[in-house]
Amino acid sequence: MFTGIIEEMGEITAIAPAGDGWRLTVRAPRAAADAVHGESIAVSGVCLTVVGSTADTFDTDVMKQTLDVAAIGSATVGTRVNIEKAMPVGARLGGHIVQGHVDGVGDVLEVRPGAQWSVLRISLPTDLAPLVVDKGSISVDGTSLTVSAVSVPADPSPWFEVSLIPETLAATTLGSRAVGDRVNLETDILARHVERLLAFRAAPEGGSR
């Protein structure tokens, strides 16, 4: 479990085939310093398991299903990534509950820089649109953000916006995002549970579930 508060920016330094997936080596000195085999680390919002480490890098396996549904599937050596270690029990929840389970991928549609901040407009997969609300929480590349605007339900091409403060621009990869970049999206787990409960209630008596 994570909070979406990024601890450092890392860099992918090696990508090796591993069956139908990848083994990644990520340079992230802060996370690697006390990394333990088997622990979870979120890499740009994807929960991955440490399978080896050095003083400043850690290795992790990424299965094909993750490569297919997450933006990490288009990563290359040198790609910068957001790093967050799992939240310890009893710690403050500074962002929101993030599982590291990517729901889908969005494309950066617009970047509007301000005097001290930047607004990103990001496309939203149609099936995720009902789960994103104005002033709600969303994880973008593992970063906990507040939705500052969202498209109307009738819009055939859903989108949402997030406003990035200077700290977020400096401390995460979002500060260098440009139009056309793909980003990992994870919606609020509470919204997903509500959607599932409502689907069951709407199902006809005796219908397939």
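For the structure itself, consult the block above.
Starting afresh in each chain, residues are numbered from 1 along the sequence in its written order. In keeping with the predicted nature of the model, local features appear solely for residues at pLDDT of at least 70, side-chain atom pairs appear and are counted solely at 80 or more, and the whole-chain, interface and lining totals rest on all residues. To get the side-chain values, all heavy atoms of the structure are used, and hydrogens and water are removed first.

Visitor: Could you give an account of the pairing of strand 1 (residues 8-18), with specific residues and numbers?
Guide: DSSP bridges decide pairing: two strands pair if at least two such bridges lie between them. Secondary structure elements are taken from DSSP: a helix is a run of H or I of four residues or more, a strand is a run of E of two residues or more, and numbering for both begins at the N terminus. Relative to strand 6 (residues 80-85), strand 1 runs antiparallel, the two sharing 4 bridges. Considered in strand 6, the bridge of glutamate 8 is made with isoleucine 83. Here strand 1 folds back onto strand 2 (residues 21-27), and the loop between the two strands holds 2 residues, one of which, glycine 19, carries a positive phi near 65 degrees.

Visitor: Quick one: what's the story with the side chain of threonine 3, residue by residue and with numbers?
Guide: By the secondary structure assignment, threonine 3 is in the segment before strand 1. Here, residues are in contact when the closest pair of their heavy atoms is within 4.5 Å. If near-sequence neighbours (up to four positions away) are discounted, threonine 3 is found in contact with Glu84, Met87, Arg92, Leu93, Gly94, Gly95, His96, Val98 and Ser144.

Visitor: Run through the pattern of salt bridges, naming residues and quoting values.
Guide: Note on definitions: salt bridges are taken to be side-chain nitrogens of Lys or Arg within 4 Å of carboxyl oxygens of Asp or Glu. Scanning the model with the defined rule gives 12 salt bridges in all. Ionic pairing is found between arginine 23 and aspartate 61, a salt bridge with its closest N-O pair at 2.7 Å. Here aspartate 61 lies in strand 5 (residues 57-62) and arginine 23 lies in strand 2, a separation of 38 residues in the sequence. Buried, partly exposed and exposed residues are distinguished by accessible area as a fraction of the type maximum, computed with a 1.4 Å probe on protein chains only: under 20%, between the cut-offs, and over 50%, respectively. Here arginine 23 falls in the partly exposed class, since its relative accessible area comes to 36%. Among the ionic pairs, glutamate 161 bridges to arginine 121, the shortest N-O distance being 2.8 Å. Linking glutamate 161 in strand 11 (residues 159-164) with arginine 121 in strand 8 (residues 118-123), this pair joins segments that are 40 residues apart in sequence. When salt bridges that share partners are traced, they join Glu110, Arg112, Arg121 and Glu161 into one network.

Visitor: Any chance you could break down helix 4 (residues 189-202) for me, citing the residues and the numbers?
Guide: Over its 14 residues, helix 4 extends 20 Å from the first C-alpha to the last, a length consistent with the 20 Å expected when each residue adds 1.5 Å. Residue aspartate 188 occupies the N-cap position of helix 4, its side-chain oxygen lying 3.0 Å from the main-chain nitrogen of leucine 190. In this scheme, a helix's expected span is set at 1.5 Å multiplied by one less than its residue total. Here a polar contact means two N or O atoms within 3.5 Å. Within protein one must be a hydrogen donor candidate and the other an acceptor candidate, and residues neighboring in sequence count only if both atoms are side-chain atoms.

Visitor: Kindly report on the sheet that holds strand 1, identifying the contributing residues and their values.
Guide: Read around the closed barrel, 6 strands run 1-2-5-4-3-6, paired in antiparallel fashion. Recorded for the sheet is a direction-independent mean angle of 45 degrees between the axes of neighbouring strands. When strand 2 meets strand 5, the two strands line up antiparallel, connected through 6 bridges. Counterpart to valine 26 in the pairing with strand 5 is phenylalanine 58. The angle between two axes is taken between their N-to-C directions and runs from 0 to 180 degrees, where each axis is a line fitted to C-alpha atoms and a helix contributes only its stretch in contact.

Visitor: Talk me through the sheet that holds strand 10 (residues 143-150); I want residue IDs and the actual numbers.
Guide: Two orientations exist for strands paired in a sheet by backbone hydrogen bonds: parallel and antiparallel. Pairing is antiparallel around the closed barrel formed by 6 strands, whose spatial order is 7-8-11-10-9-12. Strand-to-strand, the axes of this sheet are offset by a mean angle of 45 degrees, without reference to chain direction. By the bridge criterion, 4 bridges tie strand 7 (residues 104-113) to strand 12 (residues 182-186) in an arrangement that is antiparallel. Across the sheet, glycine 106 pairs through a bridge with valine 183, a residue of strand 12.

Visitor: An account of unusual backbone geometry is requested, with residue identities and associated values reported.
Guide: In this structure, lysine 135 is a non-glycine residue whose phi angle is positive, near 70 degrees. Mapping lysine 135 onto the fold places it in the loop between strand 8 and strand 9 (137-140). A positive phi is found at aspartate 141, a non-glycine position, where the angle reads about 50 degrees. Topologically, aspartate 141 is positioned in the loop between strand 9 and strand 10. Residue class for aspartate 141 comes out buried when judged on its relative accessible area of 1%.

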